[in-house]
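# Chain and residue survey
Chain residues, written in single-letter form:
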Amino acid sequence: MDKNEFLTVFDNLILDPLTRDYYGQEEFFNVGYWRSDTQNQQEASFNLMEKLLEAIPDKQGNILDVGCGLGATTSYLLKYYLPGDVVGINISPKQIARSAVNAPNCKIICMDAVQMEFKDDTFNNIICVEAAFYFNTREKFMKEAWRVLKPGGKLILSDLVFNTTKYFGDLVVPQNIVQDIEEYKGLYQQAGFQQIEVLEATEECWNTHSRDFKSWIEKEFQVGEIDEETYKVNVTAIDDFLSSSSLNYLLVSAKKPVK
(Lines give C-alpha, C1' and ligand atoms only; values in the text may rest on other atoms or scores of the structure.)
Protein backbone atom coordinates (compact mmCIF):
# COMPACT_ATOMS: atom_id res chain seq x y z
CA MET A 1 0.00 0.00 0.00
CA ASP A 2 1.48 3.36 -1.02
CA LYS A 3 1.26 6.54 1.04
CA ASN A 4 -1.86 7.92 -0.65
CA GLU A 5 -3.73 4.62 -0.30
CA PHE A 6 -2.75 4.41 3.37
CA LEU A 7 -3.99 7.95 4.03
CA THR A 8 -7.31 7.27 2.33
CA VAL A 9 -7.93 4.11 4.35
CA PHE A 10 -6.79 5.59 7.65
CA ASP A 11 -8.64 8.88 7.19
CA ASN A 12 -11.82 6.93 6.46
CA LEU A 13 -11.26 4.86 9.59
CA ILE A 14 -10.63 7.70 12.02
CA LEU A 15 -13.22 10.07 10.48
CA ASP A 16 -15.95 7.45 10.10
CA PRO A 17 -19.20 8.76 11.67
CA LEU A 18 -19.59 5.55 13.69
CA THR A 19 -16.09 5.97 15.14
CA ARG A 20 -16.68 9.60 15.99
CA ASP A 21 -20.04 8.83 17.67
CA TYR A 22 -18.37 6.31 19.94
CA TYR A 23 -15.44 8.53 20.91
CA GLY A 24 -17.48 11.66 21.57
CA GLN A 25 -16.74 15.33 21.15
CA GLU A 26 -13.11 15.26 22.28
CA GLU A 27 -12.12 13.43 19.06
CA PHE A 28 -9.72 10.91 20.57
CA PHE A 29 -8.85 7.77 18.64
CA ASN A 30 -7.18 5.37 21.05
CA VAL A 31 -8.29 2.45 23.18
CA GLY A 32 -7.67 4.29 26.46
CA TYR A 33 -6.74 3.01 29.89
CA TRP A 34 -9.68 1.47 31.73
CA ARG A 35 -9.78 1.52 35.53
CA SER A 36 -12.46 -0.26 37.57
CA ASP A 37 -14.48 2.95 37.82
CA THR A 38 -14.04 4.18 34.22
CA GLN A 39 -17.43 5.10 32.77
CA ASN A 40 -16.83 5.49 29.06
CA GLN A 41 -14.30 5.67 26.23
CA GLN A 42 -13.69 9.39 26.58
CA GLU A 43 -12.79 8.97 30.24
CA ALA A 44 -10.55 6.03 29.34
CA SER A 45 -8.74 8.21 26.81
CA PHE A 46 -8.14 10.83 29.49
CA ASN A 47 -6.81 8.09 31.78
CA LEU A 48 -4.37 6.92 29.13
CA MET A 49 -2.91 10.39 28.75
CA GLU A 50 -2.48 10.69 32.52
CA LYS A 51 -0.90 7.24 32.73
CA LEU A 52 1.63 8.08 30.03
CA LEU A 53 2.41 11.54 31.38
CA GLU A 54 3.30 10.05 34.76
CA ALA A 55 6.64 9.22 33.12
CA ILE A 56 7.37 12.97 32.81
CA PRO A 57 7.02 14.15 36.40
CA ASP A 58 8.31 17.72 35.95
CA LYS A 59 6.66 18.50 32.58
CA GLN A 60 9.12 21.28 31.80
CA GLY A 61 10.20 22.62 28.41
CA ASN A 62 8.51 21.64 25.17
CA ILE A 63 6.85 18.47 23.93
CA LEU A 64 6.20 16.93 20.50
CA ASP A 65 3.02 14.93 19.86
CA VAL A 66 3.84 12.46 17.08
CA GLY A 67 0.90 11.06 15.13
CA CYS A 68 -1.41 13.59 16.74
CA GLY A 69 -4.56 12.34 15.02
CA LEU A 70 -7.41 14.84 15.25
CA GLY A 71 -5.66 16.85 17.94
CA ALA A 72 -7.31 15.46 21.07
CA THR A 73 -4.00 14.29 22.56
CA THR A 74 -2.35 17.58 21.59
CA SER A 75 -5.15 19.53 23.22
CA TYR A 76 -4.90 17.43 26.38
CA LEU A 77 -1.24 18.39 26.72
CA LEU A 78 -2.39 21.99 27.32
CA LYS A 79 -3.42 20.83 30.78
CA TYR A 80 0.30 20.85 31.61
CA TYR A 81 2.07 22.86 28.88
CA LEU A 82 1.70 26.30 27.34
CA PRO A 83 0.45 26.30 23.73
CA GLY A 84 3.79 27.64 22.48
CA ASP A 85 5.53 24.61 23.98
CA VAL A 86 3.36 22.03 22.23
CA VAL A 87 3.94 20.81 18.66
CA GLY A 88 1.85 18.17 16.89
CA ILE A 89 2.72 16.33 13.69
CA ASN A 90 0.71 13.98 11.50
CA ILE A 91 1.13 12.66 7.98
CA SER A 92 -2.52 13.29 7.04
CA PRO A 93 -3.56 16.76 5.78
CA LYS A 94 -7.20 16.04 6.65
CA GLN A 95 -6.36 15.10 10.22
CA ILE A 96 -3.98 18.03 10.58
CA ALA A 97 -6.81 20.40 9.63
CA ARG A 98 -8.93 19.03 12.49
CA SER A 99 -5.97 19.10 14.88
CA ALA A 100 -5.46 22.80 14.21
CA VAL A 101 -9.05 23.43 15.31
CA ASN A 102 -8.92 21.14 18.34
CA ALA A 103 -5.54 22.38 19.58
CA PRO A 104 -5.61 26.14 18.88
CA ASN A 105 -2.41 28.12 19.31
CA CYS A 106 -0.28 24.97 19.19
CA LYS A 107 2.04 24.46 16.26
CA ILE A 108 0.49 21.76 14.05
CA ILE A 109 2.54 20.47 11.12
CA CYS A 110 1.93 17.93 8.36
CA MET A 111 5.04 15.78 8.65
CA ASP A 112 6.17 12.16 8.38
CA ALA A 113 7.26 10.70 11.72
CA VAL A 114 10.12 8.80 10.09
CA GLN A 115 11.49 11.91 8.34
CA MET A 116 11.08 14.71 10.84
CA GLU A 117 12.06 18.16 9.65
CA PHE A 118 13.40 19.30 13.00
CA LYS A 119 16.97 20.00 14.01
CA ASP A 120 18.81 17.66 16.34
CA ASP A 121 18.14 18.11 20.07
CA THR A 122 14.93 20.16 19.62
CA PHE A 123 12.44 18.71 22.13
CA ASN A 124 12.51 18.02 25.84
CA ASN A 125 9.98 15.21 25.45
CA ILE A 126 8.04 13.28 22.81
CA ILE A 127 4.69 11.54 23.17
CA CYS A 128 3.25 9.11 20.64
CA VAL A 129 -0.14 7.61 21.40
CA GLU A 130 -1.02 4.42 19.53
CA ALA A 131 0.61 5.38 16.26
CA ALA A 132 4.13 3.91 16.06
CA PHE A 133 3.00 0.53 14.75
CA TYR A 134 1.56 2.25 11.67
CA PHE A 135 4.83 4.00 10.77
CA ASN A 136 7.03 2.85 7.92
CA THR A 137 8.89 1.84 9.96
CA ARG A 138 8.69 1.90 13.76
CA GLU A 139 12.47 1.47 13.91
CA LYS A 140 13.04 4.55 11.73
CA PHE A 141 10.71 6.55 13.97
CA MET A 142 12.66 5.55 17.08
CA LYS A 143 15.90 6.72 15.51
CA GLU A 144 14.30 10.03 14.52
CA ALA A 145 12.80 10.44 17.99
CA TRP A 146 16.24 9.93 19.53
CA ARG A 147 17.74 12.49 17.13
CA VAL A 148 15.27 15.30 17.81
CA LEU A 149 15.14 14.75 21.58
CA LYS A 150 17.40 16.84 23.75
CA PRO A 151 19.89 14.89 25.89
CA GLY A 152 18.02 13.70 28.97
CA GLY A 153 14.69 13.91 27.15
CA LYS A 154 12.05 11.19 27.22
CA LEU A 155 10.03 9.36 24.62
CA ILE A 156 6.71 8.12 26.05
CA LEU A 157 4.23 6.13 24.05
CA SER A 158 1.51 3.53 23.92
CA ASP A 159 2.05 0.93 21.26
CA LEU A 160 0.64 -2.31 19.91
CA VAL A 161 3.03 -5.18 19.24
CA PHE A 162 2.15 -8.25 17.24
CA ASN A 163 3.83 -11.20 15.53
CA THR A 164 1.48 -11.14 12.54
CA THR A 165 -0.10 -8.47 10.35
CA LYS A 166 -3.29 -10.55 10.05
CA TYR A 167 -5.44 -8.09 11.96
CA PHE A 168 -4.24 -4.91 10.27
CA GLY A 169 -3.63 -5.97 6.69
CA ASP A 170 -1.78 -3.41 4.57
CA LEU A 171 -2.14 -0.69 7.22
CA VAL A 172 1.04 -1.97 8.88
CA VAL A 173 4.29 -3.01 7.23
CA PRO A 174 5.77 -6.48 7.91
CA GLN A 175 8.93 -4.80 9.28
CA ASN A 176 6.92 -3.75 12.34
CA ILE A 177 6.34 -7.35 13.43
CA VAL A 178 8.15 -8.34 16.62
CA GLN A 179 8.18 -11.78 18.17
CA ASP A 180 8.14 -10.71 21.82
CA ILE A 181 8.58 -7.80 24.19
CA GLU A 182 12.32 -8.38 24.54
CA GLU A 183 12.79 -7.98 20.80
CA TYR A 184 10.67 -4.84 21.00
CA LYS A 185 12.81 -3.37 23.79
CA GLY A 186 15.87 -4.12 21.68
CA LEU A 187 14.67 -1.59 19.08
CA TYR A 188 14.96 1.20 21.65
CA GLN A 189 18.38 0.03 22.72
CA GLN A 190 19.57 -0.05 19.12
CA ALA A 191 18.31 3.52 18.64
CA GLY A 192 20.38 4.65 21.63
CA PHE A 193 17.75 4.91 24.37
CA GLN A 194 18.37 4.00 27.99
CA GLN A 195 16.17 3.52 31.06
CA ILE A 196 13.62 1.70 28.92
CA GLU A 197 10.48 0.83 30.87
CA VAL A 198 7.75 -1.30 29.30
CA LEU A 199 4.42 -1.97 31.00
CA GLU A 200 2.18 -4.64 29.49
CA ALA A 201 -1.39 -3.28 29.68
CA THR A 202 -3.36 -5.38 27.19
CA GLU A 203 -6.25 -6.09 29.57
CA GLU A 204 -6.49 -2.53 30.93
CA CYS A 205 -6.37 -1.02 27.46
CA TRP A 206 -7.00 -3.15 24.38
CA ASN A 207 -9.24 -5.89 25.77
CA THR A 208 -11.47 -3.71 27.93
CA HIS A 209 -11.88 -1.17 25.12
CA SER A 210 -12.81 -3.97 22.70
CA ARG A 211 -15.48 -5.30 25.05
CA ASP A 212 -16.89 -1.81 25.62
CA PHE A 213 -16.97 -1.04 21.90
CA LYS A 214 -18.69 -4.36 21.21
CA SER A 215 -21.34 -3.57 23.83
CA TRP A 216 -21.86 -0.12 22.31
CA ILE A 217 -22.16 -1.59 18.80
CA GLU A 218 -24.78 -4.08 20.03
CA LYS A 219 -26.83 -1.30 21.64
CA GLU A 220 -26.64 0.84 18.51
CA PHE A 221 -27.82 -2.10 16.41
CA GLN A 222 -30.71 -2.85 18.75
CA VAL A 223 -32.05 0.70 18.51
CA GLY A 224 -31.63 0.78 14.73
CA GLU A 225 -28.75 3.27 14.56
CA ILE A 226 -26.57 0.90 12.53
CA ASP A 227 -27.49 -1.74 9.95
CA GLU A 228 -27.00 -5.49 10.26
CA GLU A 229 -23.97 -5.63 7.95
CA THR A 230 -22.09 -2.95 9.91
CA TYR A 231 -23.00 -4.75 13.12
CA LYS A 232 -21.75 -8.13 11.94
CA VAL A 233 -18.51 -6.78 10.45
CA ASN A 234 -17.61 -4.94 13.64
CA VAL A 235 -18.58 -7.70 16.08
CA THR A 236 -16.71 -10.33 14.07
CA ALA A 237 -13.58 -8.19 14.00
CA ILE A 238 -13.79 -7.50 17.74
CA ASP A 239 -14.27 -11.18 18.58
CA ASP A 240 -11.22 -12.02 16.47
CA PHE A 241 -9.15 -9.41 18.31
CA LEU A 242 -10.28 -10.64 21.73
CA SER A 243 -9.50 -14.27 20.92
CA SER A 244 -6.00 -13.46 19.67
CA SER A 245 -2.91 -14.08 21.77
CA SER A 246 -0.65 -12.38 19.23
CA LEU A 247 -1.46 -8.78 20.25
CA ASN A 248 0.02 -6.95 23.22
CA TYR A 249 -0.64 -3.36 24.26
CA LEU A 250 2.36 -1.65 25.85
CA LEU A 251 2.99 1.58 27.74
CA VAL A 252 6.59 2.65 27.24
CA SER A 253 9.04 5.28 28.40
CA ALA A 254 12.67 5.61 27.28
CA LYS A 255 15.31 8.23 27.92
CA LYS A 256 17.94 9.75 25.66
CA PRO A 257 21.13 9.74 27.71
CA VAL A 258 22.83 12.95 28.70
CA LYS A 259 26.02 13.48 26.74
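Residues numbered from 1 in each chain as written. Predicted model: local features only at pLDDT ≥ 70, side-chain atom pairs only at ≥ 80, totals over all residues. Heavy atoms only, no water.

## As for the overall build of the protein chain
Within the protein chain, the secondary structure is distributed over nine helices and seven strands. Split into buried and exposed, the 259 residues of the protein chain put 51% on the buried side. Summarising the internal contacts of the protein chain: among those between residues at least 6 apart in sequence, 67% fall at separations of at least 24. Total accessible area computed for the protein chain in this model is approximately 12,200 Å², and 46% of it derives from carbon and sulfur atoms. Taken as two groups, the 25 positive and 39 negative side-chain charges of the protein chain have centres that lie 7 Å from each other. (Helix = DSSP H or I, 4+ residues; strand = E, 2+ residues; numbered from the N terminus. Buried < 20%, exposed > 50% of the residue type's maximum accessible area, 1.4 Å probe, protein only. Contact = heavy atoms within 4.5 Å. Areas by Shrake-Rupley, 256 points an atom, 1.4 Å probe, with all protein chains shown as cover. Lys, Arg positive; Asp, Glu negative; His and termini not counted. Charge placed at Lys NZ, Arg CZ, Asp CG, Glu CD.)

## Some words on the packing of helix α6 (residues 138–148) against helix α7 (residues 181–191)
Taken N-terminus to C-terminus, the directions of α6 and α7 make an angle of 40 degrees; their axes are 9 Å apart at the nearest point. On the basis of the axis angle, α6 is oblique to α7. Both α6 and α7 take part in a crossing whose hand is right-handed. Within the contact between the two elements, α6 uses Arg138, Glu139, Met142, Lys143 and Trp146 and α7 uses Tyr184, Leu187, Tyr188, Gln190 and Ala191. Residue classes in the contact of α6 with α7 are distributed as six nonpolar, one polar and three charged. (Axes fitted to C-alpha atoms, helices over the stretch in contact; angles between N-to-C directions. Parallel < 35°, antiparallel > 145°, perpendicular 65-115°, else oblique. Left-handed = near helix turned anticlockwise from the far one by under 90°. Nonpolar A, V, L, I, M, F, W, Y, C, P; charged D, E, K, R; others polar.)

## Observations concerning unusual backbone geometry
Across the junction of Asn136 and Thr137, the peptide omega takes the value 15 degrees, indicating a cis bond. Inspection of the secondary structure assignment puts Thr137 in the loop between β4 (123–129) and α6. With a phi angle near 75 degrees, Asn105 is a residue other than glycine that sits in the positive phi range. Topologically, Asn105 is positioned in the loop between α5 (93–102) and β3 (107–110). Of note, the phi angle at Gln195 is positive, near 50 degrees, even though the residue is not glycine.

## As for the pairing of strand β1 (residues 63–66)
The alternating pattern of β1 places Ile63 and Asp65 on one face and Leu64 and Val66 on the opposite face, and all of these are buried. Relative to strand β2 (residues 86–90), β1 runs parallel, the two being bridged by four bridges. When the sheet's bridge partners are listed, Ile63 is paired in β2 with Val86. Handedness of the β1-helix α4 (residues 72–77)-β2 crossover: right-handed. Here β1 runs beside β4; their pairing, made up of three bridges, is parallel. Bridged to Ile63 within β4 is Asn125. (Pairing = 2+ DSSP bridges. Right-handed = clockwise from strand over helix to strand, strands pointing away.)

## Brief notes about the pattern of salt bridges
Going through the model one piece at a time under the given rule, you end up with 11 salt bridges. The residue Asp159 makes a salt bridge to Arg138 at a minimum N-O spacing of 2.8 Å. Taken as a pair, Asp159 in strand β5 (residues 149–162) and Arg138 in helix α6 lie far apart in primary sequence, 21 residues in all. For Asp159, a relative accessible area of 0% translates into the label buried. The buried category is assigned to Arg138, whose relative accessible area is 1%. For the salt bridge of Glu144 with Arg147, the shortest nitrogen-to-oxygen distance reads 2.8 Å. Of this pair, Glu144 and Arg147 both sit in helix α6, separated by three residues, roughly a single helical turn. Residues joined in a network through salt bridges with shared partners are Arg20, Glu27 and Arg98. (Salt bridge = Lys/Arg side-chain N within 4 Å of Asp/Glu carboxyl O.)

## Re the nonpolar core
Residues Met49, Leu53, Leu77, Ile127, Phe168, Ile217 and Tyr249 are the most contacted members of the largest nonpolar core, which totals 53 residues. Excluding anything up to four places from it in sequence, Leu53 contacts Lys59, Tyr76, Leu77, Tyr80, Ile127 and Ile156. With 34 residues, the next largest nonpolar core counts Ala113, Ala132, Met142 and Phe193 among its residues. (Core = buried A, V, L, I, M, F, W, Y, C linked by side-chain atoms within 4.5 Å.)

## Things to note about the layout of surface pockets
If you add up the space inside the largest pocket, you get close to 780 Å³. In this structure, the largest pocket is lined by 27 residues; those nearest its centre are Leu13, Phe29, Phe213, Asn234 and Phe241. Elements supplying a minimum of two residues to the lining of the largest pocket: α1 (3–15), α2 (17–23), α8 (203–222) and α9 (228–243). For the lining of the largest pocket, the element with the highest residue contribution is α9, accounting for six residues. Within the lining of the largest pocket, the residues separate by chemical class into 18 nonpolar, seven polar and two charged. Here the second largest pocket defines a volume of roughly 630 Å³. Taken together, 36 residues form the lining of the second largest pocket, with Phe6, Ile91, Ala131, Tyr134 and Phe135 sitting closest to its centre. Mapped onto the lining of the second largest pocket, the elements with two or more residues apiece are α1, α4 and β2. For the lining of the second largest pocket, the element with the highest residue contribution is α1, accounting for four residues. Grouping the amino acids of the lining of the second largest pocket by side-chain chemistry returns 22 nonpolar, eight polar and six charged. (1 Å grid on protein atoms, 1.4 Å probe; cavity = no way out; pocket = protein on both sides within 12 Å on 5 of 7 lines; lining within 4 Å. Points joined across faces, edges and corners; volume = space filled by probe spheres on them.)

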